[in-house]
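# Chain and residue survey
Listed below are the residues making up each chain.
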Amino acid sequence: MAAGVLPWLFWSPSALAHLKGQMHSPLLRYALLWALLPLLFFSLAKGKLATYILPIMAPIAILFAHGIQQAFAKACKGLRLGSWLNAGLFSLLALTTLILHFSGKLPLEADETYRAWLLSFIFAFWAAMALVSLKVDSLNAKVASYMLMPLGLFMLAWATFPNISIYSKMPAKFTQQIAHLVSPNTVLVADYPDTMSALNWYFKRQDVYLAGQKGEVSYGLSYPDAQHRYIENSQLAEFIQQQQQTAPVLIFFRDKPDMGEQLPQTDQRISRGRYTVLYYNARQP
């Protein structure tokens, strides 16, 4: 929740403090309940995803807006202090990024040095907007500078992800690199539901087989017309040999690069980060 309300987090103490005595407003009472009840509900739930916090952002915006207006009207020093903390923290982050880069502590390859500079620029731009908010006088101008703080992040964040993260969390780039191996008759096998989904989506295929963990697709695989889509690990070698009689076979592994040793000799093996592809040519007579 704290990350979700950035950059307004630095003004939140002053905003919340100036809500005191304002709860006679039906709108504020409603917004407070709207924010608290989902927060408590999902905090108690066993399963949590970061996106579950999104429904409470609207009422928090209402509460913060009212509190910030009250704090500004009373010339609260907390707003100015919050902006100084904001500028100082992100200036420090910009400097730290460059120090880590030049000391070789960032997980970047030789052709990725620009990513460190972009990340440092994002932090520096954020800090600059915080300093602007200290220089302007009107509330509208201060709010506008705060709204511009994440602009660099929104525009450039995609270019700051290192290759090690891309190949660990984003299978799309890897599927692009193996696309030349996939023809309409290539038999596709994945070992996780998420890698199966990646193959389905990128290659627009609905006939991908699954080996290994069933996960959230176990219910669908229990239907008689879908059971053949799941392959036990113990049967995978035999499945490959059978399919090779008529078509090439491509197996997309996540976190199981050593499993290939239990399988027939591959014609190609490609690894990127946590992903590994084993490719078998067709053995047509």
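Residues numbered from 1 in each chain as written. Predicted model: local features only at pLDDT ≥ 70, side-chain atom pairs only at ≥ 80, totals over all residues. Heavy atoms only, no water.

### Section: the overall build of the chain
Regarding its fold elements, the chain presents twelve helices and six strands. The C-alpha atoms of the chain give a radius of gyration of 26 Å, which is well past the 19 Å a tight globule of 285 residues would have. Viewed in the frame of its principal axes, the chain has a C-alpha envelope of about 85 × 50 × 25 Å. Of all intrachain contacts in the chain linking residues separated by at least 6 positions in sequence, the fraction that spans at least 24 positions is 59%. (Helix = DSSP H or I, 4+ residues; strand = E, 2+ residues; numbered from the N terminus. Rg over C-alpha atoms; globule rule 2.2 N^0.38 Å. Contact = heavy atoms within 4.5 Å.)

### Observations regarding the sheet that holds strand β6 (residues 275-280)
The strand order across the open sheet formed by six strands is β3-β2-β1-β4-β6-β5, and the pairing between neighbours is mixed. At either end of the open sheet lies a strand with only one pairing partner, and these are β3 (230-231) and β5 (268-272). Pairing geometry for strand β1 (residues 187-190) and strand β4 (residues 249-254), over four bridges, is parallel. Residue pairing across strands places Leu-188 opposite Leu-250, the latter belonging to β4. Across the sheet, helix α10 (residues 193-203) lies against β1, β2 (209-211), β4 and β6, angled at about 145 degrees from β1, the strand it touches most. Across the sheet, helix α12 (residues 236-243) is in contact with β1, β2, β3, β4 and β6; its angle to β4 comes to roughly 150 degrees. (Pairing = 2+ DSSP bridges. Axes fitted to C-alpha atoms, helices over the stretch in contact; angles between N-to-C directions.)

### A short note on the side chain of Thr-175
Within the fold, Thr-175 resides in helix α9 (residues 171-177). Beyond its immediate chain neighbours, meaning those up to four positions away, Thr-175 contacts Leu-199, Tyr-202, Phe-203 and Phe-252.

### Section: the packing of helix α2 (residues 26-44) against helix α3 (residues 57-73)
Across the interface, α2 lies against α3 with an axial gap of 8 Å and an inter-helix angle of 135 degrees. The orientation of α2 with respect to α3, classified from their angle, is oblique. Where α2 crosses over α3, the two elements pack in a sense that is left-handed. Here α2 contributes Leu-27, Leu-28, Ala-31, Leu-32, Trp-34 and Ala-35 to the contact with α3, which in turn contributes Ala-58, Pro-59, Ile-60, Ile-62, Leu-63 and His-66. For the contact of α2 with α3, the per-class residue count stands at eleven nonpolar, one polar and no charged. (Parallel < 35°, antiparallel > 145°, perpendicular 65-115°, else oblique. Left-handed = near helix turned anticlockwise from the far one by under 90°. Nonpolar A, V, L, I, M, F, W, Y, C, P; charged D, E, K, R; others polar.)

### Some remarks on the packing of helix α4 (residues 77-102) against helix α5 (residues 113-135)
Think of two packed helices as two axes; the pair is described by the angle between the axes and how far apart they sit. Two elements in contact, α4 and α5, have axes whose closest approach is 8 Å; the angle formed by their N-to-C orientations is 165 degrees. On the basis of their axis angle, the class for α4 and α5 is roughly antiparallel. The handedness of the crossing between α4 and α5 comes out as left-handed. Grouping the amino acids of the contact of α4 with α5 by side-chain chemistry returns 17 nonpolar, eight polar and one charged.

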